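# Architecture and fold: a report
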Amino acid sequence: MKKIILPTDFSDNAHNAIRYAVTLFEEVECTFYLVHTYTPAIYQAEYVLHSPGQIGLGDVHQTRVLTQLAKLMEKLDREFKNPKHIFVPHAAFNTLVDEIRETAEKERADLVIMGTKGATGAKEILFGTNTVHVIKKATCPVLAIPPGFEFEKPKEILFPTDYEVDFSKERLKLLLDIAEKHISSIEVLHVSGGGNLSEGQLENKQKLNYILAKTAHLFHEVPNQRIVDAINSFQMKKRMNLLVMIRNKHTFLERLFIEPVIKKIGFHITVPFMVIP
């Protein structure tokens, strides 16, 4: 049984991500953890420790949130009616990022699925702040769903890589599971730096080819350019249904998350994007 964390703030954006999750894993036995966190605007650590007026504040919020989660569960049961799926409400007085990380570790979650909502608009900015921090700290894959995205089977999966990762079946298990369930084709994209692949890169590429042996896949080599441009260009030529990348300390993803240039990149993320730690 898969264990999947679904953060929710009860918005349309969050509900759309939940809808994508239950549809993607429609034929799979899953436990979905509906996670909502609450940290009132006035909250500070010293208030909780020293102010009598704060005593019980968390309980009041928890009761209200649990009521909202119960209503959400009823709505999901009516909408999907899938006996293979179990929904577990989870409310906590904590930051969203910390609660997701703690829940993922405690429940040994396979995946986090959440929306990409950001105040600046998801078509121009890669992720909202919460999603960025969840991806940076999560110990399991995170799948981000663009606002308003209507579910489509991930038949074509784009997998950009620099071959600097020591690939393993365990690390790619979720990707392989999705590809097998939906009979997907995986398009492996590498942006050439102008020279030949190093011995280590060649070894990792061969290992990836072996791991993908039972899955339809193709390797693509494109001329030296920004990875963002390569991804956008590839998606313009061939419709992708899912974008998957591995996050490591040396790759584009890490730079993207920490550099202010993120606001100028114009990464048109129009399909679900899964990041594997």
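Our subject is the structure listed above.
Rules and cut-offs
Residues numbered from 1 in each chain as written. Predicted model: local features only at pLDDT ≥ 70, side-chain atom pairs only at ≥ 80, totals over all residues. Heavy atoms only, no water. Helix = DSSP H or I, 4+ residues; strand = E, 2+ residues; numbered from the N terminus. Buried < 20%, exposed > 50% of the residue type's maximum accessible area, 1.4 Å probe, protein only. Areas by Shrake-Rupley, 256 points an atom, 1.4 Å probe, with all protein chains shown as cover. Expected span 1.5 Å × (residues − 1). Pairing = 2+ DSSP bridges. Axes fitted to C-alpha atoms, helices over the stretch in contact; angles between N-to-C directions. Contact = heavy atoms within 4.5 Å. Right-handed = clockwise from strand over helix to strand, strands pointing away. Salt bridge = Lys/Arg side-chain N within 4 Å of Asp/Glu carboxyl O. Phe/Tyr/Trp six-rings, centres within 6.5 Å; stacked < 30°, edge-to-face > 60°. Lys NZ or Arg CZ within 6 Å of the ring centre and 35° of its normal. Arc of directions from axis to C-beta.

What follows covers the overall build of the protein chain. A tally of regular secondary structure across the protein chain gives 10 helices and 10 strands. Buried residues in the protein chain amount to 51% of all 277 residues. For the protein chain, the exposed surface amounts to about 14,400 Å²; the carbon and sulfur share of it is 52%.

With that settled, the discussion passes to helix α1 (residues 12-24). Taking 1.5 Å as the rise per residue, α1 with 13 residues should run 18 Å; its terminal C-alpha atoms sit 18 Å apart, in good agreement. Of all 13 residues in α1, 10 are buried, a share of seventy percent or more. Within α1, the full set of buried residues consists of N13, A14, H15, N16, A17, I18, Y20, A21, V22 and L24.

With mixed pairing, the 10 strands of this open sheet are ordered in space as β3-β2-β1-β4-β5-β10-β9-β6-β7-β8. Edge positions in the open sheet fall to β3 (85-92) and β8 (216-222), since each of these has one partner strand only. Ignoring which end each strand starts from, the neighbouring axes of this sheet average 20° apart. Pairing of strand β1 (residues 2-7) with strand β2 (residues 30-37), which is carried by 6 bridges, proceeds in the parallel orientation. Considered in β2, the bridge of L6 is made with L34. In the packing of α1 onto the sheet, the strands contacted are β1, β2, β3, β4 (111-115) and β5 (142-145), and the crossing angle to β5 comes to about 120°.

Let us look at the pairing of β8. Inspection of the sheet shows strand β7 (residues 185-191) paired to β8 by 7 bridges, in the parallel sense. In the strand pairing of β8, S185 is matched with A216. In this fold, the crossover linking β7 to β8 by way of helix α7 (residues 199-211) has right-handed handedness.

Scanning the model with the defined rule gives 9 salt bridges in all. A salt bridge links E156 to K238, with the nearest nitrogen and oxygen atoms 3.8 Å apart. Residue E156 is located in strand β6 (residues 156-160), and its partner K238 is located in the loop between α8 (227-237) and β9 (242-246); the two are separated by 82 residues in the primary sequence. Among the ionic pairs, K207 bridges to D166, the shortest N-O distance being 2.6 Å. Within this pair, whereas K207 is found in helix α7, its partner D166 is found in the loop between β6 and α6 (173-181), the two being separated by 41 residues in sequence.

The phi angle at K81 is positive, at roughly 45°, despite the residue not being glycine. Within the secondary structure layout, K81 lies in the loop between α3 (57-80) and β3. Residue K81 is classed as exposed on the basis of its relative accessible area of 67%. Despite not being glycine, Y163 has its phi angle at roughly 60°, a positive value. Turning to its location among the elements, Y163 is positioned in the loop between β6 and α6.

A full pass over the atoms with the stated rule returns 5 aromatic pairs. Summarising the aromatic geometry, the rings of F159 and F167 are spaced 6.3 Å apart at their centres and angled 55° between planes, so their arrangement reads as tilted. For the pair formed by F159 and F167, the shared burial category is buried. Taken together, the ring pairs connect Y20, F149 and F151 into an aromatic cluster. The ring of F219 has K205 lying over it, and the distance from NZ or CZ to the ring centre is 5.2 Å.

Let us now look at helix α4 (residues 96-107). Over its 12 residues, α4 extends 16 Å from the first C-alpha to the last, a length consistent with the 16 Å expected when each residue adds 1.5 Å. Taken together, the buried positions of α4 are occupied by L96, V97, E99, I100, T103 and A104. An end-on view of α4 places all buried positions within 165° of arc, on one side of the element. Backbone geometry just downstream of α4 places R108 in the positive-phi region, at approximately 55°.

What is shown is where atoms sit, not what they do.
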